[in-house]
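What the coordinates show
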Amino acid sequence: PRRAQDPGAMFAAPRHGTGFSGRSGREPRRRGGLQYAIAFGIDGAGGQVVVTADRVLVLDDTRVSVNGRTSGGKINLGGGFQGRDSTISNAENLTVGSGATLSADSSIGNGGQVVVWSDKETYFEGSVSARATGDQGGHGGFIEVSGKETLTVLGGVDASSISGRPGTVLFD
């Protein structure tokens, strides 16, 4: 897989191989679900990945990573916190497939933030983490997995910290 060279940028590839850069504004022309997205931040912080549409499908075994050395980044799939972020359009339905991993971990600082949201039905079968994995005192991050009407969670969540406070997990 290719990686974006610009700090803070994101590269994502849908199922059929058409990619787009998060800064270019271009969108994939072929149908399919998200296969991978990796965002690097500036100065060792994780980057940001925002994916939204009427229906969001994160394919089985997909990897979305905004891990950083000094802090985890931010992932928004289907919307923002509790669907209230006016800068991100909310998905109607969202599915995260089996084996998909979403991570906003940090190796020496605080875990990041991951929001998985839809206005109708959210089906989550993957795993999500916003961990502080170092021994230098970082705290766990924030994870929200929500469906305004229906929520099914069959996957795993981890907002732990090795040596700091655990993070927060919200199911709604």
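Structure report, in brief. Please read these numbers as outputs of a predicted model, since none were measured by experiment. (Residues numbered from 1 in each chain as written. Predicted model: local features only at pLDDT ≥ 70, side-chain atom pairs only at ≥ 80, totals over all residues. Heavy atoms only, no water.)

This brings us to the overall build of the chain. Check the secondary structure of the chain and you find 0 helices and 15 strands. Taking contacts inside the chain between residues at least 6 apart in sequence as the whole, the part at least 24 apart equals 71%. On the chain, roughly 8,700 Å² of surface is accessible, and the fraction owed to carbon and sulfur atoms is 44%. (Helix = DSSP H or I, 4+ residues; strand = E, 2+ residues; numbered from the N terminus. Contact = heavy atoms within 4.5 Å. Areas by Shrake-Rupley, 256 points an atom, 1.4 Å probe, with all protein chains shown as cover.)

Residues in a regular strand point their side chains to alternate faces of the sheet. The buried fraction of strand β9 (residues 113-118) amounts to 5 of the 6 residues, a majority that puts the element mostly inside the structure. With 6 bridges connecting them, β9 and strand β12 (residues 142-147) associate as parallel partners. Following the sheet pairing, Val-114 is matched in β12 by Ile-143. (Buried < 20%, exposed > 50% of the residue type's maximum accessible area, 1.4 Å probe, protein only. Pairing = 2+ DSSP bridges.)

Attention now moves to the environment of Ser-160. Counting through the fold element by element, Ser-160 comes out in the loop between β14 (156-158) and β15 (168-171). Ser-160 sits 29 residues away from Arg-131 along the chain, and the two C-alpha atoms are 5.1 Å apart. Those residues in contact with Ser-160 that lie beyond four places of it in its chain are Ala-130, Arg-131, Ala-132 and Gly-140. A distance of 2.6 Å separates a polar atom in the side chain of Ser-160 from a polar atom in the side chain of Asp-158. (Polar contact = N/O pair within 3.5 Å; in protein donor to acceptor, adjacent residues only side chain to side chain.)

Moving on, we get to the side chain of Asn-76. Within the secondary structure, Asn-76 sits in strand β6 (residues 74-77). Classification of Asn-76 by relative accessible area gives buried; the value is 1%. A polar side-chain atom of Asn-76 sits 3.2 Å from the main-chain carbonyl oxygen of Gly-79. In this structure Asn-76 touches Gln-48, Val-49, Val-50, Val-51, Ile-88 and Val-115, once residues within four positions along its chain are discounted.

What follows covers the pairing of β6. Sheet analysis places strand β4 (residues 48-51) next to β6, joined by 4 bridges and oriented parallel. Paired with Val-49 across the strands is Ile-75, a residue of β6. Where β6 and β9 come together, 4 bridges link them in parallel fashion. Counted as the bridge partner of Ile-75 is Val-114 from β9.

On to the pattern of salt bridges. In this structure the tally under the stated criterion is 2 salt bridges. Lys-120 is the partner of Glu-92 in a salt bridge, and the nearest nitrogen-oxygen pair spans 3.5 Å. Of the two residues, Glu-92 sits in the loop between β6 and β7 (93-96) while Lys-120 sits in the loop between β9 and β10 (121-124), which places them 28 residues apart along the sequence. Judged by its relative accessible area of 36%, Lys-120 is partly exposed. The salt bridge involving Asp-105 is made with Arg-131; its shortest N-O contact spans 2.8 Å. Of the two residues, Asp-105 is situated in the loop between β8 (101-103) and β9 and Arg-131 in the loop between β11 (127-129) and β12; the sequence distance between them amounts to 26 residues. Residue Arg-131 is classed as partly exposed on the basis of its relative accessible area, which comes to 28%. (Salt bridge = Lys/Arg side-chain N within 4 Å of Asp/Glu carboxyl O.)

That's the geometry; what it means functionally is another story.
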